[in-house]
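Fold and geometry: a report
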Amino acid sequence: MLKHDVVIVGAGLAGLRAAVELRKKGIDVVIVSKVYPTRSHSGAAQGGVNAAFDENDSWESHFFDTVKGSDYLGDQDAIEILTSEAPGNILELQSMGVVFNRNDKGGIAQRPFGGQSFPRSCYYADAVGHMMLHGLFDNVLKYKTKILYEYFVTSLLTDNGKVSGVVAYDIKNGKFEGIAAKAVLFATGGYGQVYSSNTNALINTGDGMAISINAGVPLMDMEFVQFHPTTLKSTGILVTEGARGEGAYLLNSLGVRFMSKYAPKAMELAPRDVVARAEQTEINEGRGVDGAILLDIRHLGKERIMERLPQIMQLSIDFEGVNPIHEPIPIRPGAHYSMGGIKTDYNGRTAIEGYYSAGESACVSVHGANRLGGNSLLDTVVFGRRAGIDIAEYLKSAAEDRKFDESAIKRDEEKFEQLKKSAGKERHGLLKSELQEEMRANVGVFREENAMKKALDKIGELKERAKNIGIDDKSKTFNTDIVEAFEFSNILLIAEVITRGAILRKESRGAHYRTDFPERDDSNWLKHTLATLDGKGNIKFDFSEVAITKFKPQPRTY
Amino acid sequence: MEFKVRAYRFNPETDEKPYYKEYTVEDYPGMTVLNALIKIKSELDGTLSFRRSCRSAICGSCAMKINGITKLACKTQVSLEIDKFGIINVEPLANMPVIRDLIVDQEVFFDKIKAIKPYLLGQREDAAHNIFKTLKEGEKISQPVYDKSEFKNLTGNEDTPNCILCECCYSECGGVVGNKDYLGPAALAKLYRYVEDPRDIDKNGSRLVNGSMPNGFWDCVHCQSCEQFCPKGISPVKSIVKLHEKSIKNSITFSSGSKHVVSIARSIGETGRLDEIKVAFESGGVTGLLNDLPVAFGAGLKGKIPPLRLKLIKDMEDIRLAYKELDLEDKL
Ligand SMILES: Cc1cc2nc3c(=O)[nH]c(=O)nc-3n(C[C@H](O)[C@H](O)[C@H](O)COP(=O)(O)OP(=O)(O)OC[C@H]3O[C@@H](n4cnc5c(N)ncnc54)[C@H](O)[C@@H]3O)c2cc1C
Ligand code: SF4
Ligand code: SF4
Ligand code: FES
């Protein structure tokens, strides 16, 4: 048994940012992560992070763009915090060692991003997430923070209505460990692996969300899944929106910039939901190129491509066999970001005292029905920081009035041992592929009741078959087979929450588009959905109000 | 098309020594070595163990030896390897102990990264107004101004901040082979990244002083492997040479490595020739000289005896001129 004041699960940007805030105050923190911190998926973020710096820009404009981008489902009190704290947060990161490209005036260079009315995305070439992640990790080292890496968290424990700690599996040694704490922060990232053709790391399996709903914490707005318009056709690897920010064109098989039909003003820089649907429509109507759309950056010229989009050039060559200096890149929409997540307030607090979440695993909600590019990295640092501050405050008064239930360690250990003993014939890796393909086909960019019900049937079938999963690996040393089996059970649960939520919401809003209900319906659906489990493990839904402070909902055109 | 993967296998719980296991995999266009390993794991053998995360060459998880060459599995196309070798041989990285199969223990590697103090040591004064603030209505924030050129060694595509800590360089480093305590290329590239950071106020030059200690940047053997194997196009050895230059420019020349360089420069500047005895003495002192004795003795047996007195070479004037051009006169 270990004991710390704070356990932070997740070492991406949100977790590290919170850790720095706490360690600066000398608070006893342990970071737990299933991979070494710098392997976290935050490092893959390419394009930029938004903050209004320019004298002709304003945070209020960023505020409005974000509300509109969210299709009015974002909570405006939280979005106001996100945008008014954005410039301060970015400068703070810079003073911590993060490098951003410079503009001619010596300030931070900024590029246009979709749905933003001003070029306000700060960048480091096309590897801003990498820069921020390593910069923050360096600071975590500076403040001598204890890190348990390659530890896989399996349960969240509560007692007396308060958080009491977590159970984690030490992957290297095959041992379960209990970690008692007065505050726990989940910064466990998204669930991109629910879908085939996604931009996410293989580790993005929605663990934190699944563990939370199992522990009685509601998940909010899970039906809102962002599909990124430009992911490489064969692998789903991301081509940053920064490419369009730098001036890339989207072309159909006729060589036409088809966005003129869907968003005549914003064109390629319309928000992601709009562009993804436009592309899918072009493909469905037979104007695709082998099931893809073309992203053309040739006119930017070699020099600019090398300077601003070097990673994109390399990824296209390595993973698609296309050199974008000479040829357009075949792309298509791919699952990218989880707008929904663990319901929190704007200090990261959840329904359970002492239990917090921040980053992509949380739903504050600042992204509502559709996240704008460059707002997610911002979300991780703004709310990671705020959660850190709030936890520090909480610790001042938090009493030792809860017990860590040590039998939970045994319980999780039993689960693993049982699974290892199973003689089942099903392979979790194959079940995962079936699930991912089903979700892509039937709960994807375009949704419709009957198709989604089919997906639910499939999920039911997979749940049954999952009882027969067998594990090849019986070892205690670095057993990734068993970890993946558990990740699969998390993906399966999240897929069901998404699908049931999507069937429930009978309207089209942001990234959730129903062909059978193509309009936004503010009178019935301007509200958040909250998913929890009942006593029998069935998913049930509740609703909560959207905070609307400054901007009344208007039709959303670009 | 079918192809074969031959994988290094070792599980300390059950195996006395490592062995290789062959798998047959069906190819598809664009398949990477990582895809092939994942296919094996999910369809054929769940016990095959390896690390992976991003599958897009940015997280640094999946480095391994592929047909003998250290690479990222997610960035390596199966078809190219098969064209060249007819098979995919996969083995764990070198210079680190194997935990299991393709997974190595990286603790020491990360400890070395920590050892160089990878964070700003102080802040330049004009950055001081970077205090966090929540903006009120109509309020703007002013930002510190840095000239583009100040970050010129940190914002290029192949500059050191792009390092993903994948350990490809470390696995191939000749310096680590000879001295397991040598900090190695990635840590030293990181050191250089902070030395070059215009915001870092390292008042007493502690970075260069610490880096000059034994196991630091003077222990690089210049084998160039790090540059050759880095999947991100970074050249740690170039950073190391820059660290050497900076140390000598700042007269941080207490280490035998730097003395060695200075002594060679002096010897050539004075006579146009390498005075091997003097260089050995000036670099390592009497102990250094004694340490070199066996080598010298061996060389002597083969008739390779350095002259005790060196004659000036004919073109000494040219060397003086070159030194002048290079601003090295004061180092003589
Ligand atoms: C390819 C790509 C490009 C992107 N580009 C941009 C961009 O340009 N701008 C932008 O604003 N946003 C971008 N995003 C989104 C943004 O990067 C992410 O939303 C954000 O980085 C998430 O950070 P995080 O800290 O919440 O989670 P992550 O960085 O995903 O970290 C999750 C952490 O949780 C840990 N973890 C998870 N489960 C467990 C468990 N069971 N036990 C222990 N540890 C666990 C993991 O080890 C990891 O450390 C991009 C996303 C992708 C996929
Ligand atoms: S050049 Fe130096 S740092 Fe690079 S691999 Fe060789 S010994 Fe190691
Ligand atoms: S320098 Fe290159 S090879 Fe070495 S760890 Fe960094 S990215 Fe990997
Ligand atoms: S899986 Fe991330 S670098 Fe290969």
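See above for the structure.
Conventions we followed
Residues numbered from 1 in each chain as written. Chains lettered and ligands numbered in written order. Predicted model: local features only at pLDDT ≥ 70, side-chain atom pairs only at ≥ 80, totals over all residues. Heavy atoms only, no water. Near = heavy atom within 4 Å. Nonpolar A, V, L, I, M, F, W, Y, C, P; charged D, E, K, R; others polar. Helix = DSSP H or I, 4+ residues; strand = E, 2+ residues; numbered from the N terminus. Expected span 1.5 Å × (residues − 1). Contact = heavy atoms within 4.5 Å. Buried area = accessible area lost by both parts, 1.4 Å probe. Salt bridge = Lys/Arg side-chain N within 4 Å of Asp/Glu carboxyl O. Polar contact = N/O pair within 3.5 Å; in protein donor to acceptor, adjacent residues only side chain to side chain.

Looking now at the site of ligand 3. By nearness alone, every residue bordering ligand 3 is listed as Cys163, Ile164, Leu165, Cys166, Glu167, Cys168, Cys169, Ala186, Cys230, Pro231, Lys232 and Pro236 of chain B. Residues belonging to the shell around ligand 3 are distributed by class as follows: 10 nonpolar, no polar and 2 charged.

The next point concerns helix H10 (residues 256-271) of chain B. For H10 of chain B, spanning 16 residues, the distance from its first C-alpha to its last is 22 Å, which sits close to the expected 22 Å at 1.5 Å a residue. Downstream of H10 of chain B by one or two residues, glycine 272 of chain B has phi in the positive range, about 80 degrees.

With that settled, consider the interface of chain A and chain B. Contacts between the two partners involve 77 residues from chain A and, on the opposite side, 74 residues from chain B. Across the chain A to chain B interface the summed buried area is about 6,200 Å²; carbon plus sulfur atoms make up 51%. For the pair chain A and chain B, the number of links is 8 salt bridges. For the salt bridge of lysine 190 of chain B with aspartate 138 of chain A, the shortest nitrogen-to-oxygen distance reads 3.3 Å. Where chain A touches chain B, the interface holds 45 residue pairs in polar contact (both at pLDDT 80 or more). Listing elements by their share of the side of chain A that touches chain B, those giving two or more residues are helix H2 (59-69), helix H4 (86-95), helix H5 (128-142), helix H10 (302-308), helix H11 (310-320), helix H14 (428-442) and helix H16 (480-504) of chain A. When residues in the side of chain A that touches chain B are grouped by element, the largest group, 7 residues, is from H4 of chain A.

Further remarks concern the site of ligand 1. Residue and element names in this part refer to chain A. Of all residues adjacent to ligand 1, which total 38 residues, the nearest are Ser40, Ser42, Glu360, Ser376 and Leu377. One of the side-chain nitrogen or oxygen atoms of aspartate 207 is found 2.9 Å away from a nitrogen atom of ligand 1. In the environment of ligand 1, an oxygen atom lies 3.4 Å from a nitrogen or oxygen atom belonging to the backbone of glycine 374. For the shell around ligand 1, the secondary-structure elements that each account for two or more residues are helix H1 (13-24), strand S3 (29-33), strand S8 (151-159), strand S16 (329-338) and helix H12 (375-397).

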